[in-house]
Amino acid sequence: MALRFASTVFAAFLGSTVLASAADVTGPYDPAPQAPMPATVDYGGDDFVFELGIKGLVEPDFLGSDDYRIVPAAIFSVEYLNLPGIGSFGGPDGLGFSIGPSFNYIGERTSNDYPVLNGLDDVDATYEAGIKVSYEWEYAEVYGAVRYAFGGAEGVVGDAGANLIARPTDYLTFKLGPTVSFASESYMDDYFSVSPAESIASGGRFGTYDAGGGFKSVGVAASARYEFYTDWFLNADASWDKLVGDAADSPIVEAGDDDQYTFSLGISKRFSLDLF
């Protein structure tokens, strides 16, 4: 199911690119239409440049699940930030060193919604906030993020990766590369441990298990991004993560799947603000 949906997502993205190209054909109402221009490289007096949008996301029902759901999700990233007296981060071409916020959200896990989890305690929605740093060259990038999680699960979680980058046109960018994620013991305990009481409540289907911190997953991520009009973007993303270590050994994951897939397709817009 996951692989079929991946094909559908990228087919939809490529189809939108073809339609956008077809829109450039000269029409009787405009003998010389102007192609969409990339965003200006001069921010002028703007101090804060960010991207905001919405996407449809296909993700596992819960960490370690072999069933999937479709949910709406936000797109947010910071391209440029200027802080008087401190310095500026990011830039118009996206190259070089950049630093910005990192957020993540994991929906609640309730045993009533998923029969396979009968006997386990519910886990409320988890919110993650932190910082991301990256360095990008013309054809490659490396990045890392660390976040503090609170709500249903608490602790420290993060990820890192590297990408090869292809830019076939000024408006189209492809990225592909490996990823790795990690989490603290308290975070892993909330999602992957099974207490003696939970083991009894499940009728013995889940054995008692105490998950420790460390590496949580390794995988591969790919993205495609198309600027179909000035400062407007179509974004397609897909990833495969394989749970490893104490996460993979959890009875919860053994009842589901240690292969986790995500796919998304969304639209976003770049905004610029003069703050100071």
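What you are looking at is a predicted structure, and each value in this text was computed from that prediction instead of being measured.

The rules we used
Residues numbered from 1 in each chain as written. Predicted model: local features only at pLDDT ≥ 70, side-chain atom pairs only at ≥ 80, totals over all residues. Heavy atoms only, no water. Helix = DSSP H or I, 4+ residues; strand = E, 2+ residues; numbered from the N terminus. Buried < 20%, exposed > 50% of the residue type's maximum accessible area, 1.4 Å probe, protein only. Salt bridge = Lys/Arg side-chain N within 4 Å of Asp/Glu carboxyl O. Core = buried A, V, L, I, M, F, W, Y, C linked by side-chain atoms within 4.5 Å. Contact = heavy atoms within 4.5 Å. Phe/Tyr/Trp six-rings, centres within 6.5 Å; stacked < 30°, edge-to-face > 60°. Lys NZ or Arg CZ within 6 Å of the ring centre and 35° of its normal. Lys, Arg positive; Asp, Glu negative; His and termini not counted. Patch = residues over 30% accessible without salt bridge, like charges linked within 9 Å, V, L, I, M, F, W, Y side chains within 5 Å. Areas by Shrake-Rupley, 256 points an atom, 1.4 Å probe, with all protein chains shown as cover. Charge placed at Lys NZ, Arg CZ, Asp CG, Glu CD. Polar contact = N/O pair within 3.5 Å; in protein donor to acceptor, adjacent residues only side chain to side chain. pLDDT = per-residue confidence, 0-100.

**A look at the overall build of the protein**
So, step 1. Within the protein, the secondary structure is distributed over five helices and 11 strands.
So, step 2. For the protein, with 276 residues in total, the buried portion stands at 39%.

**Description of the pattern of salt bridges**
So, step 1. Within this structure, the stated rule accounts for 12 salt bridges.
So, step 2. Taking the shortest distance from any N to any O, the salt bridge between Glu 128 and Arg 147 comes out at 2.8 Å. Residue Glu 128 is located in strand β5 (residues 126-136), and its partner Arg 147 is located in strand β6 (residues 140-151); the two are separated by 19 residues in the primary sequence. For the pair Glu 128 and Arg 147, one class covers both residues: buried.

**Here we look at the nonpolar core**
So, step 1. Of all hydrophobic cores here, the largest spans 24 residues; its most connected members are Tyr 187, Tyr 191, Phe 192 and Ile 252.
So, step 2. Counting residues per element, the ones that place at least two in this core are α2 (185-192), α4 (245-248) and α5 (251-254).
So, step 3. The element best represented in this core is α2, accounting for four residues.
So, step 4. For Tyr 191, the residues in contact, after removing those within four places along its chain, are Leu 63, Ile 106, Arg 109, Val 123, Asp 124, Thr 126, Ala 153 and Ile 252.

**Quick word on the environment of Ala 74**
So, step 1. Considering the arrangement of structural elements, one finds Ala 74 in strand β2 (residues 68-83).
So, step 2. Assessed through its relative accessible area of 60%, Ala 74 is described here as exposed.
So, step 3. Contacts of Ala 74, omitting those with residues within four sequence positions, involve Gly 53 and Lys 55.

**A short note on the packing of aromatic side chains**
The relative placement of two aromatic rings is captured by the distance of their centres and the angle of their planes.
So, step 1. On inspection of all chains with the given rule, the structure shows 11 aromatic pairs.
So, step 2. Seen from their ring centres, Tyr 148 and Phe 150 are 6.4 Å apart, and the 15° between their planes marks the pair as stacked.
So, step 3. Relative accessible area serves as the criterion here: at 43%, Tyr 148 is assigned to the partly exposed category.
So, step 4. Cluster of aromatic residues (ring-pair linked, three or more members): Phe 48, Phe 50, Phe 76, Phe 103 and Phe 271.
So, step 5. Across the ring face of Phe 233, the terminal group of Arg 225 is positioned such that the distance to the ring centre comes to 3.7 Å.

**Quick look at the side chain of Asp 61**
So, step 1. Locating Asp 61 in the fold gives a position in the loop between β1 (48-60) and β2.
So, step 2. One buried charged side chain, Asp 61, makes no salt bridge at all; its nearest oppositely charged neighbour is Arg 69, positioned 4.7 Å away.
So, step 3. Apart from residues no more than four positions distant in its own chain, Asp 61 is found in contact with Asp 67, Tyr 68, Arg 69 and Tyr 114.

**Describing a negative patch on the surface**
So, step 1. A contiguous patch of negative charge on the surface is contributed by Glu 108, Asp 113, Asp 121, Asp 122 and Asp 124.
So, step 2. Position of Glu 108 relative to the elements: it lies in the loop between β4 (96-106) and β5.

**Focus: the environment of Lys 242**
So, step 1. Within the secondary structure layout, Lys 242 lies in strand β10 (residues 232-243).
So, step 2. With 15 residues separating them along the chain, Lys 242 and Asp 257 place their C-alpha atoms 8.9 Å apart.
So, step 3. Look past the residues within four positions of Lys 242 in its chain and what remains in contact with it is Lys 216, Ser 217, Val 218, Asp 258 and Asp 259.
So, step 4. At 3.3 Å, the side chain of Lys 242 and the side chain of Asp 258 are in polar contact.

**Digging into a nonpolar patch on the surface**
So, step 1. Taken together, the side chains of Tyr 105, Tyr 127, Val 146, Tyr 148, Phe 150, Val 156, Phe 182 and Phe 215 make up a nonpolar region of the molecular surface, amounting to roughly 790 Å² of accessible area.
So, step 2. Per element, the largest residue contribution to the nonpolar patch is three residues, and it comes from β6.
So, step 3. For Phe 182, the position within the fold is in strand β8 (residues 172-183).
So, step 4. Accessibility expressed as a relative area gives 31% for Phe 182, which makes it partly exposed.

**Re the confidence of the model for the protein**
So, step 1. The predicted model of the protein has a mean per-residue pLDDT of 86, with 82% of residues at 70 or higher.
So, step 2. Low pLDDT, under 50, characterises residues 1-29; the predicted model gives this stretch 26 contacts beyond four residues in sequence or across chains.

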